[in-house]
Amino acid sequence: MDNLNTYLSIAAILFSLGMFGVITRRNAIAVLMGIELILNSANLNFLAFAKFGGMNMSGHIFALFVIIMAAAEAAVALAIIINIYNNYKTINVDDVRELRQ
Amino acid sequence: METNILSWIIWIPLLGMAAIAFVPRGKTKAIKIITAVATGVQFLATLGLLSQFDLSTGGFQFMERATWIPSFNITYILGVDGLSLPMVILTGLLFFLSTFVSWNINRAVKGYFSLFLLLDIGIMGVFLSLDFFLFYVFWEVMLLPMFFLIGMWGGPQREYAAIKFFLYTLVGSVLMLIAILALYFTCGRTFDMLLLMETAPTALNGVMWWGMSAIKVIWVLLFIGFAIKVPVFPFHTWLPLAHVEAPTAISVILAGILLKLGIYGMLRINYSMLPGAVWWFAGALAVLGLINVIWGAMCALAQKDLKKLVAYSSVNHMGYILIGMSAVIAAGAANGNNVLAAQAGLGGAVFLMFNHGTISAMLFILVGVIYERAHHRDIEGFGGLATRMPIYSGIVALAFFAGLGLPGFSGFISEAMCFIGAFPVFKGIVIASTIGILLNATYFLWAFQRIFLGTLNEKYKDLPEINRMELFTVIPLAVITLFLGIYPKPFLDLISSTMNVIIDTVANVSSFAGVF
Amino acid sequence: MTGNMFINYSLLILFLPVAAFTIQIFIGKRLPRQGDWVSIGAVIITLVLAIAMFASMLFGHDPNFSQEASFTWLDMGVFKIELGFLVDNITITMLLVVALISTMTHIFSLKYMEGDIRYSRYYAYLGLFTFSMNGIVLANNLISMYMFWELVGVSSYLLIGHWYEKDSASDAAKKAFLTNRVGDIGFFIGILLIFSSLGTFVFSEIYDGIAAGQLGGTVLTFAGIGLFLGAMGKSSQFPLHIWLPDAMEGPTPVSALMHAATMVAAGVYLVVRLFPLFTPDALLVIAYVGGFTALFAATIAVTQNDIKKVLAYSTVSQLGYMILSVGTGAYIAGFFHLVTHAMFKACLFYGSGSVIHSMHHALDKKHDHKTDPQDMRNMGGFKKKMPITYWAMLICTLAISGVPLFSGFLSKDAILAGTLSFASQNPGHFLLPVFGFGAAAITAFYMFRLMIMTFHGKPQMPEIYDDIHESPKEMTFPLVVLSSLSIFIFYTLPYFNPFSDEGWFSEMIVASDSVVPGNETAHYIAEGIHHVHYYAMALSLIVAALGIFLSWTMYFKKKISADGWAKKLKPIYNLSFNKYFFDENYNQYLYQPFLKLSNLVAYIDWDLYDKYFINGFGRVTKLFSFFTGRLDYDGLDQTIIDGIGRSTRRAGGVLKYLQTGRLQSYLLFALLGVILLVLFQSF
């Protein structure tokens, strides 16, 4: 069980779940959570390749970067969502369609 | 001697233009003063050139050479010789004086003087450049400001005149460009005129295009290109119109310098690079000269508009120059090596080129003076002005007498030299064209009588006399005309070495087979 | 230039008047007395210098005296022009004549032109003229002669047109200049012919070249006729004589100086100076033109009533004489006549000026501006009122009529002897002496007619007669001087024989032989003159007496009615009175057609050639552009280029519905895209 394919399969499932969440959810917070899942699936990939692909410590370092970046991203995204809420009184992304044709 | 005085002469007006660009639109006086300073400095520089000029050599002096577009073998070459030096000085002088002639311009002053300086650059550049490409660039640079100067500051028909002038001369430029490219591709891919002068006669010798000698084809293309500028009959009709419609200062430049560019081009390029075809064409040149003389004079005689009369008198005088130029072949072996006649003819032609510059400039300035006051130029509409404006009419009389070739003025000796030179070769043509001497006198004196003599037209009893600024612009020209008329030696010393080089070039080529 | 006295004096004589001219033109008006003293001072100095030169010529007593000096005027290597002076006895004599008449004219004008609006200008132009005339006289080459020749024409133009407010004056000025230019074309072609063969303008070198046979035959004949054409213009020979009578529009002193004594004599001077180069054929042409002019002009003078016109035609006729004598080879006689004629004709003009001046003042007093003060029919009986003028003019009239004791007799006799001698050697040309003697008779007739109508008989306008006065001293002084110089003694010194022209003149001024090989005319004529001398003298005395007698009976005694004869000979009278209708015919058959032709040329040039042919190119281009424009816009632009645009727009209209604004659907598309790419990648 301790081989690369397992890790990659889990990461792929995680990614698909995240993607599903991002595409289907109407709630902006839920979309954000989906993104977190996608990021973590990527982290899982980095770590798996670090272990089996001979990347040494690079995988770990990238994983750490991604976590930090995810934190920053979450902060920015939440700030945007708060602003959206302030302006539109909703966090439903379907109601914020200013870019519509 | 390493010097770049020629570049300075060409580009000084550019400094003036830059300075004008920084002056606010409303400060017209400052703009005019800047122009006067720029052209004045330029004129002084040309005089400096004169003082350093070596009379003993006929070659180019003060040469400058710099690479420009090496991939096409285009270089920036400047140089001056006895043919271009007088014209450079004339250009400097006339631009300086024309600045003061334009002192009354009050519409779009900034634009006017910027274009005026640009024109200066173009003309100086043509006279000084020795690279064909550079020559052509300057040639075109000159057209553009001229178009706007006529089209925006001209008389009632200015747009029509400007477009006609522009298109007409552009046709000439195009033909010239074809000829330049033909020379470029047949003579070793170079635009260097000095090199072409050496290689062209041999490189083209015997080359046939469509059953015609290549030399002849190129010669005729160049000739038509320059003939439009001169203008040679039948390419002359843009000239009266452009002259009449252009503002005074621009008429001065047109008649004084622009027409000479055509002659200059023929002597610099047709004569020096393709001397073989001169033999073939000299007869036609003399005939065209005769037609110019008679046709121009008769048209002048019939004119009602004074400025048009003066314009046609230019056509008339260019005829004498052509006749003088045709005399060059006298120096060939086929004509008994009559170097004397060739020198007289060519010297006379170049001398007249300069003299017509001063005399016609004077005439146009004087026409401008009366137009400024009476607001028309109808010869019949005046009468008796001599009583009212004695100084003005005295100067006009002087200019008219200079124009009709009176001895004591420089016009006479140069015309006489043209005749003396061409006579041994083209007897009949010269005899026929001496009628021009009579016709010249007729149209000038008749116009003088109708405008100045007789009883004073009551309408003009309060016309103001010529003022100091106007006098200032005319007097230097009058002095030069008189001085060279009384003692022409200095001028001919200046040009004779170069003339002899051209004469030798043409004379020696008569042995070339395949040209005829 | 050498330090030679003659050359230095000549330089001064040449340039003093032009200095005066310059001063007068620029500051004349601001000087006291409008600067007339500057001009007069200058010409008096030239007169003194000319007298000094003349005296040293007389005392030097060298008939072949000749000096030249020149400088390079222009130089191109081979082509070179040297200008210079030639001072010999002919030059010195001529300089004296010019200086003398010029000085007299300056003095005469002091009163005649007093109060004129352009007084200083007038003196300036006189200075310019004196300069140019001296230039002609001193020239040693054709080119400077031609130059001064033209300058003389200009000063004549300026002076004839002095009162340019009058149209007749400005017309006359223009006519004089242009008619002269016609002749000058011939002159110039002559110069061209000579220069193209010999390569020089200098007289002495030309003679050498001709003597060496480098130029001869027909070409030389034509060159000679060309040069003579110049002389015809200046000396007003038929058919270029039309300008001189009109030139009388100028002030009378000007007529005296230029149109009687000096300027018109320039033509004669030219042929005298260049006599050695004329071929026999050219000389024959010269002789016939001169002879015909002499007779022809005299017949016109007979019927004129304007005192100045009579004198003008008389001048034309006398110039014809001089030309005739050059043509026959007795050219020294012609030059002699030039000198004597200068004196008495200038004096006659001063006399007429004096009369006109007086008439003018008298008419002014009566406020009569309609009566012509120059018409002899308004004069009569002035002898008592103007005795000095009368006696001076009488002396000159006697001189011009060829009465012994007066200078005209000597010179005219020499000319007539020359023609007679020529005709005796060439009997085919018997017309030449007929011209000469005929003209002599008519001259005597009309000159006495002039004198009698002006000074004798009853006053024709009694109302102004009381106001006629003798002119002031400034005007009578030149009259006295010049009429004295019309007495034979001044030309025959140191001898006192009034019937022979032996004297300093014939000793100092000798004919040089023709350089044309085979032409010995001058030599033969000189021989012949001795044989026919007494016949000529007798004949000339007879014809002169005849003319005077006829005039006397017709106008003084009124035995023969002049009007009666005029009626009887109506057609001939009309022809003469109207100057043979030359002006009218020239106008109708020459000027007007030429003007029309010019107008036609200008019309063709501007209204046909330019408008249709040159602008035609523009029009064709425009038309062509119109079609290409249509093709370009309707064909290319509207269908193809715009077609692309249109279809793009249509596609955009459809695709725009993809833009939902839902980020999640965009993401879905992106995901589908990625999946598609991956699928592509794997197959």
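Structure's up top.
Quick caveat, the model's predicted, so the values are computed rather than measured.

At the interface, twelve residues of chain A touch eleven residues of chain C. Summed over both partners, the interface of chain A with chain C buries about 1000 Å², with 59% contributed by carbon and sulfur atoms. Between the two partners, chain A and chain C, sit zero salt bridges. If you look at where chain A meets chain C, you find two residue pairs in polar contact (both at pLDDT 80 or more). Counting residues per element, the side of chain A that touches chain C draws most heavily on helix α1 (residues 4–24) of chain A, which supplies three residues. Counted by class, the side of chain A that touches chain C contains six nonpolar, one polar and five charged residues.

The subject of this paragraph is the packing of helix α5 (residues 142–160) of chain C against helix α8 (residues 217–234) of chain C. Residues and elements named next belong to chain C. It is the contact of α5 with α8, at a shortest axis distance of 12 Å, that shows an interaxial angle of 20°. By the angle between their axes, α5 is roughly parallel relative to α8. Considering how the two elements wind past one another, α5 and α8 form a crossing that is left-handed. Of the residues in α8, those in contact with L142, W149, V152 and G153 of α5 are L227, G230, A231 and K234. A per-class count over the contact of α5 with α8 returns five nonpolar, two polar and one charged.

It is worth spelling out the side chain of C:N615 at this point. Positionally, C:N615 belongs in helix α25 (residues 582–655). A relative accessible area of 15% means that C:N615 is categorised as buried.

On the surface, a cluster of negative charge is made up of C:E68, C:E82, C:E205 and C:D208. Inspection of the secondary structure puts C:E68 in strand β1 (residues 66–75).

Bringing unusual backbone geometry into the picture now. Residues and elements named next belong to chain B. Here the residue pair V230 and P231 is connected by a cis peptide bond, since its omega of -10° sits within 30 degrees of zero. Structurally, P231 can be placed in the loop between α8 (214–229) and α9 (238–245). In this structure, P234 follows F233 across a cis peptide bond, with omega equal to 5°. Along the polypeptide, P234 turns up in the loop between α8 and α9.

Analysis parameters
Residues numbered from 1 in each chain as written. Chains lettered and ligands numbered in written order. Predicted model: local features only at pLDDT ≥ 70, side-chain atom pairs only at ≥ 80, totals over all residues. Heavy atoms only, no water. Contact = heavy atoms within 4.5 Å. Buried area = accessible area lost by both parts, 1.4 Å probe. Salt bridge = Lys/Arg side-chain N within 4 Å of Asp/Glu carboxyl O. Polar contact = N/O pair within 3.5 Å; in protein donor to acceptor, adjacent residues only side chain to side chain. Helix = DSSP H or I, 4+ residues; strand = E, 2+ residues; numbered from the N terminus. Nonpolar A, V, L, I, M, F, W, Y, C, P; charged D, E, K, R; others polar. Axes fitted to C-alpha atoms, helices over the stretch in contact; angles between N-to-C directions. Parallel < 35°, antiparallel > 145°, perpendicular 65-115°, else oblique. Left-handed = near helix turned anticlockwise from the far one by under 90°. Buried < 20%, exposed > 50% of the residue type's maximum accessible area, 1.4 Å probe, protein only. Patch = residues over 30% accessible without salt bridge, like charges linked within 9 Å, V, L, I, M, F, W, Y side chains within 5 Å. Areas by Shrake-Rupley, 256 points an atom, 1.4 Å probe, with all protein chains shown as cover. Lys, Arg positive; Asp, Glu negative; His and termini not counted. Charge placed at Lys NZ, Arg CZ, Asp CG, Glu CD.

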